[in-house]
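One-letter residues, chain by chain:
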Amino acid sequence: MQYIDMEKYIEYLCIDILTFHELLRLIGPKIEKQHVVRSPIPASTRLEICLRYLASGDNMSSISFAFRVGLNTVSKIISETCEAIWNILKKKVFPEITEDFWREKANEFETQWNFPNCIGAIDGRHMAIVAPPHSGSTYFNYKGTHSIVLLAIADANYCFTAVDIGAEGRRSDGGIFAESKIGHHLINNTCNLPLPRSIVENGSQLPFVLVCDEAFALTSFMMRPYPRANDLNLRQKVFNYRLSRARRIVECASGIFTARWRIFRRSLSTNIM
């Protein structure tokens, strides 16, 4: 398919051939199996199985029939390949956080979304799961489903710059943030935030902030909108509009993520540990 119909290939795996081969080059040595008694499944096929599972949202039985591989083998391949992708790419996708990094993200937000001193937009997204055994209401969320939470910070270009994964669905975004590594670094001022700066000539020194919704607490590094229950004046309404326009980036990023990898559109039957 990759040599006959490129569009169908991209539709099938949600990835182009050049990116596929680059990803295979990076993780191939980690997922290649040794030849002992019989020929192992090639690393390229193992990666295709994993990508198809993530891109299609099909169950493992369907993937097993499509690739003519045993169901248990498919399960192991997906688990091992996902782990290899995370271990290899996490340092490339999430680079070291420095003051220059935050300044670059703030400049992008100011240029593209007209919100100065913004280093990112933060929000939590519920990833639906099949209720784990004996979990009770631990993972039961306000939407009436069981889930774990993806807490993410997105930049102005819809890319995640930091994530915290695995919190129980019953918890609020603010509570998850306060107990996450992201929150601890920000609260303890150990994430290399730049010093406050003025956004206008001879103006007050204003801190760099994340933009969020009402689920988060207002702090020196977290900017939330004015409460909508109160009567707002024009300046406050304009501020809420500007903040909302910057904050929706993280929601759009989550939508792009789940639209591309359709496995996250259905309830995941997986081990939480």
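Note that the structure is a prediction, hence the values are computed from the model and not measured.

**Student:** Can you help me understand the pattern of salt bridges in this one?
**Tutor:** Under the definition given, this model contains ten salt bridges. Between Glu80 and Lys33 there is a salt bridge, with its nearest N and O atoms 3.2 Å apart. Taken together, the residues Glu80 in helix α5 (residues 71–93) and Lys33 in the loop between α2 (17–31) and α3 (43–56) connect sequence positions 47 residues apart. Connected via shared salt-bridge partners are Lys33, Arg46 and Glu80.

**Student:** Hey, could you run me through the domain arrangement of the chain in this one?
**Tutor:** Accessible area lost upon the coming together of the parts is a frequently used measure of interface size. Per the domain assignment, the segments of the chain are domain 1 (6–92) and domain 2 (95–264). Placing the centre of domain 1 and that of domain 2 at their C-alpha centroids yields a distance of 32 Å. Contact residues are listed per partner, giving 13 residues for domain 1 and five residues for domain 2. For the domain 1 and domain 2 pair, buried surface summed over both sides reaches about 750 Å², with 59% attributable to carbon and sulfur atoms. Contact with domain 2 buries area across many residues of domain 1, yet Cys14, Leu54 and Ala55 alone supply 51% of it, more than any other trio. Inspection of the region where domain 1 meets domain 2 yields zero salt bridges.

**Student:** Before we go on, may I ask you to explain a nonpolar patch on the surface in this structure?
**Tutor:** Side chains of Ile199, Val200 and Leu206 sit close together on the surface and give an oily, nonpolar patch of about 240 Å² of accessible area. Here Leu206 is to be found in the loop between α8 (181–187) and β4 (209–211). A relative accessible area of 34% means that Leu206 is categorised as partly exposed.

**Student:** Looking at this structure, how should I read the side chain of Arg247?
**Tutor:** Following the sequence through the fold, Arg247 ends up in helix α9 (residues 234–260). Of the residues examined, Arg247 reaches a relative accessible area of 14% and is grouped as buried. Among the polar contacts made by the side chain of Arg247, one reaches the side chain of Glu251 at a distance of 2.7 Å. In this structure, Arg247 is in contact with Ala121, Val211, Cys212 and Asp213, ignoring residues within four places of it in sequence.

**Student:** Is there a simple way to explain the sheet that holds strand β2 (residues 147–154) in this structure?
**Tutor:** Pairing between sheet strands relies on hydrogen bonds along the backbone, with the strands arranged either parallel or antiparallel. Pairing is mixed across the open sheet formed by five strands, whose spatial order is β3-β2-β1-β4-β5. The open sheet has two edge strands, β3 (160–168) and β5 (222–223), and neither has a second partner. Pairing of β4 with β5 involves two bridges; the strand directions are parallel. For Val211, the partnering residue across the bridge sits in β5 and is Met223. Sheet contacts for helix α6 (residues 99–113): β1 (118–128), β2 and β3; angle to β1, the most-contacted strand, approximately 90°. Across the sheet, α9 is in contact with β1, β2, β3, β4 and β5; its angle to β1 comes to roughly 45°.

Conventions we followed
Residues numbered from 1 in each chain as written. Predicted model: local features only at pLDDT ≥ 70, side-chain atom pairs only at ≥ 80, totals over all residues. Heavy atoms only, no water. Salt bridge = Lys/Arg side-chain N within 4 Å of Asp/Glu carboxyl O. Helix = DSSP H or I, 4+ residues; strand = E, 2+ residues; numbered from the N terminus. Domains from an automatic or database assignment. Contact = heavy atoms within 4.5 Å. Buried area = accessible area lost by both parts, 1.4 Å probe. Patch = residues over 30% accessible without salt bridge, like charges linked within 9 Å, V, L, I, M, F, W, Y side chains within 5 Å. Areas by Shrake-Rupley, 256 points an atom, 1.4 Å probe, with all protein chains shown as cover. Buried < 20%, exposed > 50% of the residue type's maximum accessible area, 1.4 Å probe, protein only. Polar contact = N/O pair within 3.5 Å; in protein donor to acceptor, adjacent residues only side chain to side chain. Pairing = 2+ DSSP bridges. Axes fitted to C-alpha atoms, helices over the stretch in contact; angles between N-to-C directions.

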